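In case you want the letters, here they are:
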Amino acid sequence: MHARFLRRLAEFVLAAILALVALPLVAAADDAVLVRQDYQLDVSINGQPTKLVARFSHSGDGRFSSPASELRELGIKVADGVADGELVPLDSIGGLSYVYDEQMQAIAIEAGDDQRITKTYDARGERDGSKIATADYGAVLNYAAFGALGGEDDLSNFNGGSFSGINASLDGRVFTPYGVLNQTAIAGMTLAQETSGLRLETTYTFTDQDNLVTWRGGDVISGGVGWSRPVRLGGMQAQRTFSIRPDLVTTPLPAVSGSAAVPSTVDVFVNGVKSHSQQVGAGPYQIDNIPSISGSGVAQVITRDAAGRESVQSLSFYTSPRLLRPGLYDFSVEGGYARRGFGVENFDYGVPAASATLRSGITDWLTAEVHAEGSEDLINAGAGFAVRAFDASVVGAAISASLSDQGTGTQFYGSFETKIGAVTINARAQHAIGDYDDLASLTARADNGRLSARTAGFSGIGRNVFSLEPPRAIDSITISAPLSFDKSTISAMFLRYEPENGERSDFVTATYSRPLIANANMYATGFTDLNDSDQTGVYVGVSMPLDDGISVSAALASRQNAYSGYLDANKPVGPEAGSWGWRIRDFEGDNAYRTAAVGHRMSAARLEASLRQDENGVRGAGEIEGALAMLGGDVYMTNRIDDGFAVVDAHAPGVRVQRENVVAGVTNEDGKILIPNLNAYQKNKVAIDPMDLPLNAEFASTFDYATPGYKSGVYVNFDVKQARPSALVILKDAAGAFLPAGSEGRLEGSDEPFYVGYDGQAFIKGIGAVNTIRVSYDGRDCTARFAFAPTDNIQPTIGPEVCQ
């Protein structure tokens, strides 16, 4: 019994030892069950296949996780702070559920729109934001010369003694890849051989395409906002230039959003007209930058799936160029010396001055504005905003204050624009309090005293309409609308203008227009100054276009109990070389006159001659307008070039060259042509007609794109090369039969094969005066020899030649 007890005790101790040894092994086994396993699973969301395979991790407790980057790629929302590589448990995303299919190695996820990333589409499509504009080295001189003759009672007195002289306006520039130097001037010469010249502007301009900034040095015009006045400075300027990117839309455009259960088509109609169509995937979507008209409108969004099921939603919108897209900002910064006497003096630079303007798009509905300017005796600064209100209007407001040697003052500004149905309303109010001052008035002062409003006034409609001093008040409202029951359009404006001297004018203007038969149009305008009954008038007219670009018009006017009227017929000179134009006009009333003019555009310039008869007699005048351009070492006489241009080199004379599929002219004897007035920073398609090239011409392409920079020229080289002559050779065998089609041959000295077609015809390139060819057919070879004499622009045919 004692032995049995000892044996049981030993067994218990051994079991305890084994249990202690096995316990860690069991725990390790349990841990092994919890080891993570990775899967590559096919994913569907809300029953729709994504056609994507994503990486998931499965833990022993049955939970699935996936890296944040994979979930974002699937369109599942993950907190912004989660790193892309961090595992996110699916059940940690509220509102999301999933089912794992082990056999299909797939996972089905159910998620609401709140758990899904909204897919954004741009209605403008892909845009080329690269730096594409270029400029070569060259120069342009635009000129316009005008001379007058006469002034006597009849044409018989046209003689040298009645010649009054010649005036010319000049606009010259030198352009390089590093900027443009521009100079404008006016020159004149009288009969007494007296000459005079007046310098206008001298400016060097460099455009930074990467940052959309234009740098200018020399004579510049300051930037500003609707409640400031620009000034001329001699100095430096840095300015945002959105026109460098024609594809860039700066105005906030409407966006539509929704959710599609399955892949669908979304059609957007703006004011009843289809504006955009977009294929969208399943889930929430947003389509930005819907093309629309400026002003208010209604967008109707129709979502249609493959089964034809559709949903419709409507939304109202309002767009305005006064607003900037979020993240965009527009600015202008300039400093230098205020220019005075522009157009009168060559060099008259006064006090130092500086100006800065900034506009920034804060949200789709809010744009902020800041403007500041100053000089030795002036500090002026202000801030404002433009806000879209209720998707139906844009409201603007600003306040600015000044401190100058005249004292202190404040200016308040407000604006409102809306379009209600077809009715457009624009209103503005601007009021100055105290001794408000700005750079425009400071730079215009003479002898340190204020120019009186009477001296600076304008003798047109109303009294003292224009003043160099800041106006005390400007209030205006304009309303225009087409009539719903007729094709007519009416508009009315009220303008209150109070200059610095306090002589207020209150203008009321109303206009009525209506289309008539045969594309004619009639219009009537009436105006009055409520403070001056003498400033009242009525103007009624009708115009009608005819065939071949001809138009005729007539009008009657009444003002201050005086009547006048005119009859006019004209055909404008077209943009193409060889175009003719003319004009005849008879004006009756005070200062009556009659004129006749004829114009002609050549490839080198535009010419015009005119006659005028009035109470002082008869006078004749002539005008020539054109340009001299230099590019690529050649000088061209052409029409005026205001923007970019291109020289196209086709390497052959008489080749027709097209611009945007319209013939622009033919190449000269050097094989070149200048195409004026291309759109800067835009791709202008130019092409050559291959039918005009020599038969032995080789070229890689017949079209290219010219993209000149600001007022610059580019050289477009089509690299047309002259190949060795070719001919169509007819081959027969010794029996007189045509060599069989498909036979392969080679010209001696060439590795390029040729093939025989039907009727023994073979097109052989690179032939010379004496040629030897070898042809293989039906398992045998033959040789032929023939001579060749080149002909101009005629495809030669040789033979039949015997191959034996």
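Residues numbered from 1 in each chain as written. Predicted model: local features only at pLDDT ≥ 70, side-chain atom pairs only at ≥ 80, totals over all residues. Heavy atoms only, no water.

**Student:** Break down the overall build of the protein chain for me, with residues and values.
**Tutor:** Looking only at helices and strands, the protein chain features four helices and 54 strands. Counting all 804 residues of the protein chain, 38% fall into the buried class. Long-range pairs, those at least 24 residues apart, make up 51% of the contacts in the protein chain between residues at least 6 apart in sequence. For the protein chain, the exposed area adds up to about 42,700 Å²; of that, 57% sits on carbon and sulfur atoms. (Helix = DSSP H or I, 4+ residues; strand = E, 2+ residues; numbered from the N terminus. Buried < 20%, exposed > 50% of the residue type's maximum accessible area, 1.4 Å probe, protein only. Contact = heavy atoms within 4.5 Å. Areas by Shrake-Rupley, 256 points an atom, 1.4 Å probe, with all protein chains shown as cover.)

**Student:** Give a detailed account of the environment of Thr-443, specifying residues and quantitative values.
**Tutor:** Within the secondary structure, Thr-443 sits in the loop between helix H3 (439–442) and helix H4 (453–456). The exposure class of Thr-443 is buried, given its relative accessible area of 12%. Taking the C-alpha atoms as reference, Thr-443 lies 9.9 Å from Gly-341; in sequence the two are 102 residues apart. Residues within four places of Thr-443 in sequence aside, it is in contact with Val-231, Ala-338 and Arg-340.

**Student:** Describe the pattern of salt bridges, naming the residues involved and giving the relevant values.
**Tutor:** For side chains of opposite charge, pairing can occur when their charged atoms come near one another. The final tally for this structure, using the stated rule, is 33 salt bridges. Glu-201 is the partner of Arg-232 in a salt bridge, and the nearest nitrogen-oxygen pair spans 2.7 Å. On the criterion of sequence distance, the pair formed by Arg-232 in strand E13 (residues 232–240) and Glu-201 in strand E11 (residues 195–208) is long-range, its members being 31 residues apart. Notably, a salt bridge pairs Asp-348 with Arg-340, separated by 3.4 Å at the nearest N-O pair. Exposure remark for Asp-348: the relative accessible area of 24% places this residue in the partly exposed category. Taking relative accessible area as the criterion, Arg-340 reaches 33% and is therefore assigned partly exposed. Beyond isolated ion pairs, a larger network of salt bridges with shared partners links Asp-267, Lys-274, Arg-304 and Glu-310. (Salt bridge = Lys/Arg side-chain N within 4 Å of Asp/Glu carboxyl O.)

**Student:** Give me the lowdown on a nonpolar patch on the surface, citing residues and values where you can.
**Tutor:** There is a patch of nonpolar side chains on the surface, built from Tyr-137, Val-174, Tyr-178, Leu-181, Tyr-204, Phe-206 and Trp-215 and spanning about 740 Å² of accessible area. Along the chain, the position of Leu-181 falls in strand E10 (residues 179–189). (Patch = residues over 30% accessible without salt bridge, like charges linked within 9 Å, V, L, I, M, F, W, Y side chains within 5 Å.)

**Student:** Which residues make up the environment of Asp-405, and what values go with them?
**Tutor:** As for its position among the elements, Asp-405 is in the loop between strand E24 (393–404) and strand E25 (407–420). Looking at Asp-405, the relative accessible area reads 47%, which means it is partly exposed. Sequence separation between Asp-405 and Asp-437 is 32 residues, and the spatial gap between their C-alpha atoms is 9.2 Å. Here Gln-406 takes part through its side chain, which lies 3.3 Å from a polar atom of the side chain of Asp-405. (Polar contact = N/O pair within 3.5 Å; in protein donor to acceptor, adjacent residues only side chain to side chain.)

**Student:** Go over the sheet that holds strand E51 (residues 761–765), please, and point to the residues and values.
**Tutor:** Pairing in this open sheet of three strands is mixed, and the strands run E51-E48-E54 from one edge to the other. This sheet does not close on itself; its edge strands, each paired only once, are E51 and strand E54 (797–802). Taken pair by pair, the neighbouring strands of this sheet meet at an average axis angle of 30 degrees, ignoring direction. In this sheet, E51 lies alongside strand E48 (residues 726–732) in antiparallel orientation, the contact comprising five bridges. Bridge pairing in E51 links Ala-727 to Ile-764. (Pairing = 2+ DSSP bridges. Axes fitted to C-alpha atoms, helices over the stretch in contact; angles between N-to-C directions.)

**Student:** Go over the sheet that holds strand E40 (residues 656–659) with me, naming the residues and quoting the values.
**Tutor:** Pairing within the open sheet is antiparallel, and its four strands lie in the order E41-E40-E43-E45. With partners counted over all chains shown, the strands left at the sheet margins are strand E41 (662–666) and strand E45 (703–706), one partner each. Averaged over all adjacent pairs, the angle separating strand axes in this sheet is 30 degrees, with direction ignored. Pairing between E40 and strand E43 (residues 684–688): three bridges, direction antiparallel. The residue of E43 that forms the bridge with Gln-658 is Ala-687.

**Student:** How would you summarise the nonpolar core if you had to cite specific residues and measurements?
**Tutor:** Within the largest apolar cluster, 20 residues are counted, with the highest numbers of intra-cluster contacts made by Val-43, Phe-56 and Ile-76. Of all the secondary-structure elements, those providing two or more residues to this core are strand E1 (37–45), strand E2 (48–58), helix H2 (68–74) and strand E6 (106–110). A total of four residues in this core trace back to one element, the largest contributor, which is E1. Not counting chain neighbours up to four residues away, the residues in contact with Ile-76 comprise Ile-45, Leu-71, Ile-93, Leu-96, Ala-111, Gln-115 and Ile-117. (Core = buried A, V, L, I, M, F, W, Y, C linked by side-chain atoms within 4.5 Å.)

**Student:** Hey, could you go over the state of the cysteines for me, with residue numbers and the actual values?
**Tutor:** For the coordinates displayed, the defined rule picks out one disulfide. Between the sulfur of Cys-782 and that of Cys-803 lies a disulfide, 1.9 Å long from S to S. Across the S-S bond linking Cys-782 and Cys-803, the dihedral sits near 100 degrees, which makes this disulfide right-handed. In this pair, Cys-782 is assigned in strand E53 (residues 780–787) and Cys-803 in the segment after E54, connecting sequence segments 21 residues apart. By relative accessible area, which is 1% here, Cys-803 ends up buried. (Disulfide = S-S within 2.5 Å.)

**Student:** Just give me the short version of the pairing of E41, but keep the residues and values in it.
**Tutor:** One ladder, built from four bridges, connects E40 with E41; its direction is antiparallel. Looking across to E41, one finds that Arg-656 is bridged to Val-666. If you look at the hairpin formed by E40 and E41, you'll find two residues sitting between the two strands, and Glu-660 has a positive phi there, around 50 degrees.

**Student:** Let's hear about the environment of Val-387: which residues, and what values?
**Tutor:** Relative to the assigned elements, Val-387 resides in strand E23 (residues 378–389). Along the sequence, Val-387 and Ile-362 sit 25 residues apart, while their C-alpha atoms lie 10.0 Å from each other.

**Student:** How would you sum up the side chain of Ser-488? Please name residues and give values.
**Tutor:** Mapping Ser-488 onto the fold places it in the loop between strand E27 (473–482) and strand E28 (489–498). Taking relative accessible area as the criterion, Ser-488 reaches 0% and is therefore assigned buried. Sequence-distant contacts of Ser-488, that is, excluding residues within four places in its chain, are made with Pro-482, Leu-483, Tyr-512, Ser-513 and Arg-514.

**Student:** Account for the confidence of the model for the protein chain, naming residues and giving values.
**Tutor:** Chain-level pLDDT for the protein chain is 85 on average; 88% of the residues reach the 70-or-more range. With pLDDT under 50 throughout, residues 446–466 is counted as low confidence; its partners more than four residues away or in other chains account for 45 contacts. (pLDDT = per-residue confidence, 0-100.)

**Student:** Could you give me a rundown of the packing of aromatic side chains, with the residues and numbers involved?
**Tutor:** Applying the stated criterion across every chain, the model contains nine aromatic pairs. Through successive ring pairs, a cluster of aromatic residues spans Tyr-39, Phe-64, Tyr-98 and Tyr-100. Across from the ring centre of Tyr-329, 4.6 Å away, lies the NZ or CZ of Arg-240, which sits over that ring. The side chain of Arg-585 reaches across the aromatic face of Tyr-566, ending 4.0 Å from its centre. (Phe/Tyr/Trp six-rings, centres within 6.5 Å; stacked < 30°, edge-to-face > 60°. Lys NZ or Arg CZ within 6 Å of the ring centre and 35° of its normal.)

**Student:** Go over unusual backbone geometry with me, naming the residues and quoting the values.
**Tutor:** Following Gly-799, the chain continues into Pro-800 via a peptide bond in cis, with omega recorded as 10 degrees. Along the chain, Pro-800 falls in strand E54. With a phi angle near 60 degrees, Phe-390 is a residue other than glycine that sits in the positive phi range. Here Asn-519, not a glycine, exhibits a phi torsion of approximately 65 degrees, which is positive. For Asn-519, the position within the fold is in the loop between strand E29 (505–515) and strand E30 (521–529).

**Student:** Residues and numbers for the pairing of strand E34 (residues 580–588), please.
**Tutor:** Of the pairings in the sheet, the one linking strand E33 (residues 562–571) to E34 comprises seven bridges and is antiparallel in character. Bridge pairing links Ala-569 to Ile-584 in E34. With eight bridges joining them, E34 and strand E35 (residues 593–601) adopt antiparallel strand pairing. If you follow Ile-584 over to E35, its bridge partner there is Ala-596.

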